[in-house]
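Working through the structure, step by step
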Amino acid sequence: MAVFLALWEVFGRLADYRALPPVSEIYHTWLSFFQDGILFSVLSESAKTFGMGIGVAIGAAVVVAVLMSLSRTVEQLIAPYIDAGMSVPITATIPILMMVFGLGAATRVAVVFLYSFFTIVVSMQAGLKNVNPAHEQLAHAYAASRTQTILKITLPSALPLAITGIRLGVSRGIRGMVNAEVIISTAGIGWLLMRSSREFNIAGVWAVTGTIIAAALIVMGLVTLLERTLVRGGDR
């Protein structure tokens, strides 16, 4: 990474290529955003939007996936809508959501939810279907109730695929958050990205893009840590 950044710095200074400014210029622009407090402000707004959207998406996905695993009828009723949701270009629905929810945080949260929910529920459903029948039979032999079987057998068995779905959903949710903020351009890190772009502040565009990538890596790292804690802890 150090070699890559050094080469970028040299190229940016020698080539005088406007689309690729030197790393030092990008850093100073980022530092100005940080010192002005604008970076913390937009990151806080984006984090709030993302947290609400992904939280609702995970909760709803758990409920829907469990219901689909418990009832074949429910699965047949809901599955077509899940498949359709996986196919729809969510970005194209943002203008419709803006008409329904306005230009506030509700639209951005809805976009994060839509980007994340379908991926998470598909992975969770796959995990719930992957439960070893022998484990369920053993629980039944010990007179476990349906609730106990779900909590003690079904959900823990589905955890690896569920966490994978959450990881994918988090990744898509971050993308949805940025897309919504870029299109609506009223708040968040996407707004700062668009502002820099409109001002032809190329160093600012790179600084914001780098911040988004760094934030995404941190969030994905936390999900990976959660996976190791839950899955490996469950294996022990």
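Residues numbered from 1 in each chain as written. Predicted model: local features only at pLDDT ≥ 70, side-chain atom pairs only at ≥ 80, totals over all residues. Heavy atoms only, no water.

Okay, the overall build of the chain next. The helix and strand inventory of the chain stands at 10 helices and 0 strands. The N-to-C order of helical and strand elements in the chain reads α-α-α-α-α-α-α-α-α-α. Oriented by its inertia axes, the alpha-carbon framework of the chain measures out at about 75 × 45 × 30 Å. A total of 236 residues make up the chain; the buried ones form 36% of that total. For the chain, contacts bridging at least 24 residues in sequence account for 71% of all contacts bridging at least 6. Per element, the accessible surface of the chain, about 13,400 Å² overall, is 68% carbon and sulfur. The centroid of the 16 positive side-chain charges in the chain is displaced by 7 Å from the centroid of its 12 negative side-chain charges. (Helix = DSSP H or I, 4+ residues; strand = E, 2+ residues; numbered from the N terminus. Buried < 20%, exposed > 50% of the residue type's maximum accessible area, 1.4 Å probe, protein only. Contact = heavy atoms within 4.5 Å. Areas by Shrake-Rupley, 256 points an atom, 1.4 Å probe, with all protein chains shown as cover. Lys, Arg positive; Asp, Glu negative; His and termini not counted. Charge placed at Lys NZ, Arg CZ, Asp CG, Glu CD.)

What follows deals with the packing of aromatic side chains. Tallied over the full model, the rule gives 6 aromatic pairs. With a centroid separation of 5.0 Å and an interplanar angle of 75°, the aromatic rings of Trp8 and Trp206 are classed as edge-to-face. Remark: Trp206 occurs in helix α10 (residues 202–235) and Trp8 occurs in helix α1 (residues 2–15); sequence separation between them is 198 residues. On the numbers, 5.1 Å between centres and 15° between planes, the contact of Phe113 with Phe117 is stacked. Highlighted residues: Phe113 and Phe117, both in helix α6 (residues 105–129), separated by 4 residues, approximately one helical turn. Assessed through its relative accessible area of 22%, Phe113 is described here as partly exposed. The structure contains a cluster of three or more aromatic residues connected by ring pairs, namely Phe4, Trp8 and Trp206. (Phe/Tyr/Trp six-rings, centres within 6.5 Å; stacked < 30°, edge-to-face > 60°.)

Counting residues in hydrophobic clusters, the biggest one holds 39 residues, and the most contacted among them are Phe117, Ile189 and Leu192. Looking at this core, the elements with two or more residues in it are α2 (23–36), α3 (38–70), α6, α8 (146–184), α9 (188–198) and α10. The element best represented in this core is α3, accounting for 11 residues. In this structure, Ile90, Leu97, Ala110 and Ala180 belong to the second largest nonpolar core, which totals 8 residues. (Core = buried A, V, L, I, M, F, W, Y, C linked by side-chain atoms within 4.5 Å.)

Time to look at the packing of α3 against helix α4 (residues 72–87). At their nearest, the axes of α3 and α4 sit 5 Å apart, and the two run at 125° to each other. In this view, α3 runs oblique relative to α4, as classed from their interaxial angle. Residues Val64, Leu67, Met68 and Leu70 of α3 pack against Arg72, Val74, Glu75, Ile78 and Ala79 of α4. The class makeup of the residues in the contact of α3 with α4 is 7 nonpolar, no polar and 2 charged. (Axes fitted to C-alpha atoms, helices over the stretch in contact; angles between N-to-C directions. Parallel < 35°, antiparallel > 145°, perpendicular 65-115°, else oblique. Nonpolar A, V, L, I, M, F, W, Y, C, P; charged D, E, K, R; others polar.)

A word on the side chain of Thr29. Inspection of the secondary structure assignment puts Thr29 in helix α2. The exposure class of Thr29 is buried, given its relative accessible area of 14%. Residue contacts for Thr29: discarding those within four places in its chain leaves Asn201, Ala203 and Gly204.

A few words now on the packing of α4 against α6. Two elements in contact, α4 and α6, have axes whose closest approach is 9 Å; the angle formed by their N-to-C orientations is 135°. Between α4 and α6, the interaxial angle falls into the category oblique. Relative to α6, α4 is oriented so that their crossing is left-handed. On α6, the residues that touch Glu75, Tyr81, Ile82, Gly85 and Met86 of α4 are Phe117, Phe118, Thr119, Val121, Val122, Gln125 and Lys129. In terms of residue class, the contact of α4 with α6 is built from 7 nonpolar, 3 polar and 2 charged. (Left-handed = near helix turned anticlockwise from the far one by under 90°.)

Scanning the entire structure with this criterion turns up 5 salt bridges. Across the salt bridge formed by Glu199 and Arg195, the nearest N and O atoms sit 3.9 Å from each other. Through salt bridges that share partners, Glu45, Lys48 and Arg108 make up one connected network. (Salt bridge = Lys/Arg side-chain N within 4 Å of Asp/Glu carboxyl O.)

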